[in-house]
Amino acid sequence: MKVPLSKPYVDQDMRQRVLEVIDSGQYILGKHSKAFEGEFARFIGVKHAVLTSSGTSSIFLGLKALGVGPGDGVLVPSLTAFPTVEPVFHVGAHPIFVDIDETFTMDPNHIEDILKKGSPRPEVKKIKGIVPVHLYGHPAEVDSILDLAKRYDLFVLEDCCQAHGAKYKGRRVGSMGVAGCFSFYPSKNLTVFGDGGILVTSDDAIAKTCRMLRDHGRQEKYEHELVGYNMRFNEIQAAVGRLQLQRLEGFNESRRKIARWYNDGLGGLPLILPKVQSWAEAVFHLYVIQTSKRDELSSYLNERGVQTGVHYPIPNHQQPAVLNTLGQQPKLKKTEEVVDKILSLPMYPELNREQADFVCASIKEFFGKKGS
Ligand SMILES: Cc1ncc(COP(=O)(O)O)c(C=O)c1O
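The structure contained in this document is the topic of the report that follows. Just so we're clear, the structure is a prediction, and the values are computed from it rather than from any experiment. (Residues numbered from 1 in each chain as written. Predicted model: local features only at pLDDT ≥ 70, side-chain atom pairs only at ≥ 80, totals over all residues. Heavy atoms only, no water.)

Attention shifts here to the overall build of the protein chain. Within the protein chain one finds 12 helices and 14 strands. A compact globule built from 372 residues would reach a C-alpha radius of gyration of about 21 Å, and the protein chain, at 21 Å, matches this within 12%. Each of the three principal axes of the protein chain carries a C-alpha extent, and together these read 70 × 60 × 35 Å. Classification of the 372 residues of the protein chain by burial places 57% in the buried group. In the protein chain, the proportion of contacts linking residues at least 24 apart, taken out of those at least 6 apart, comes to 72%. Only carbon and sulfur atoms are counted for the fraction: they give 50% of the accessible area of the protein chain, which is about 15600 Å². Here the protein chain contributes 46 positively and 43 negatively charged side chains, and the mean placements of these two sets differ by 1 Å. (Helix = DSSP H or I, 4+ residues; strand = E, 2+ residues; numbered from the N terminus. Rg over C-alpha atoms; globule rule 2.2 N^0.38 Å. Buried < 20%, exposed > 50% of the residue type's maximum accessible area, 1.4 Å probe, protein only. Contact = heavy atoms within 4.5 Å. Areas by Shrake-Rupley, 256 points an atom, 1.4 Å probe, with all protein chains shown as cover. Lys, Arg positive; Asp, Glu negative; His and termini not counted. Charge placed at Lys NZ, Arg CZ, Asp CG, Glu CD.)

Shown next, in the form of structure tokens:
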């Protein structure tokens, strides 16, 4: 049996929509993009949504619109995709890396320790903001982060690239910080047929600036008020994204069901299973287990046709690009502990019971518990 790590959902309606857009002759920021922005904003519970070319560009535009630049420090988790951190460099600011808690998201206690000590390096004149990441589809501890942000006068820009539809105490991720950023990369909870992203916010000025910056700094065709970028979205992807959004709640329900199958099938083994906080509605972008035999287990599963992943083998405070730019970074105990143990199991909405049972049986076999 072959069980891939992830698989984007495609159906006949989506194929049909793509052909319709091709025939329409309108390919960039047209009627589907406008409609998708409205529908996505309503789904998250914010005033505005601005489609962009990727999750990375939505974080970049958010930081730009917030006026983040040279001399500014931005608190980011180290255990996240590197693109959470890249835009901080691109606006000329400094990432300050934060450790994780038991849900793999930013530890608010560590944020507070850093803020109490003040600027960690002379080039950082002021710590300006926090970019929490709702990693693997589990919300970060938003209330504690917002409380710290208020006390220290910081912005909170949510990286929701792995958490479309997740809820923190009943509120959708992306609706709690000053803005939230999403990716539509093909493995995400909401995908299109290529790259794409969206920034959501209820702040009129941020939405307006991002809208202008993504399209060469203009509102009128030949009048450029800002020096902007080409970070636009396209109609084929918007048409597909609208259909994916209609199915998102169902996809997330399937992901939670698969997570329950794994929880049941893997109980009692020498593994740490993912923890979901009582206040969280997680959307299981990834199902991440921990074992000190990670590499052996991963090879064993791969030989049996079960694809696995490691998200992420090198934490960002140890990435060569960071060390070469900023030099040695302070140690992050929990992050460094988990990166050798984490293993992502197959997870996508269409994964069926038989496949999940096969994954669990293969893991049991590995631990010598055949038939138990
Ligand atoms: C947490 C996180 N942030 C940012 C990104 C960047 O998104 P994109 O690949 O659409 O630029 C990703 C996806 O790779 C991600 O998982």
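Moving on, we get to helix α9 (residues 294-303). Of the positions making up α9, those classed as buried are R294, L297, S298, Y300 and L301. Down the axis of α9, the sector holding all buried residues measures 160 degrees, keeping them to one side. Looking at the buried positions of α9, the neighbouring elements they touch are β13 (287-290), β14 (342-345) and α12 (353-366). Positive backbone phi, approximately 90 degrees, marks G305, located one or two places after α9. (Arc of directions from axis to C-beta.)

Along the polypeptide, V50 turns up in strand β1 (residues 48-52). Relative accessible area serves as the criterion here: at 0%, V50 is assigned to the buried category. Beyond its immediate sequence surroundings of up to four residues, V50 is in contact with E37, G197, I198, L199, A207, C210, R211 and R214.

Here the focus is the side chain of R218. Structurally, R218 can be placed in strand β10 (residues 218-220). Taking relative accessible area as the criterion, R218 reaches 18% and is therefore assigned buried. Engagement of the side chain of R218 in a polar contact is seen with the side chain of D215, the distance being 3.1 Å. If sequence neighbours within four positions are ignored, R218 has contacts with M212, E223, H224 and R232. (Polar contact = N/O pair within 3.5 Å; in protein donor to acceptor, adjacent residues only side chain to side chain.)

Applying the stated rule across the entire model yields 25 salt bridges. For the salt bridge of E37 with R214, the shortest nitrogen-to-oxygen distance reads 2.9 Å. Of this pair, E37 sits in helix α2 (residues 31-44) while R214 sits in helix α7 (residues 204-214), and the two are 177 residues apart along the sequence. The shortest N-O distance in the salt bridge between D215 and R218 comes to 3.1 Å. (Salt bridge = Lys/Arg side-chain N within 4 Å of Asp/Glu carboxyl O.)

With that settled, the discussion passes to the sheet that holds strand β2 (residues 72-77). Pairing within the open sheet is mixed, and its 7 strands lie in the order β1-β9-β8-β5-β4-β2-β3. Strands with a single pairing partner mark the edges of an open sheet, and in this sheet they are β1 and β3 (94-98). With strand direction ignored, the average angle separating the axes of adjacent strands in the sheet is 30 degrees. In this structure, β2 lies alongside β3, joined through 5 bridges in parallel fashion. If you follow G73 over to β3, its bridge partner there is H94. (Pairing = 2+ DSSP bridges. Axes fitted to C-alpha atoms, helices over the stretch in contact; angles between N-to-C directions.)

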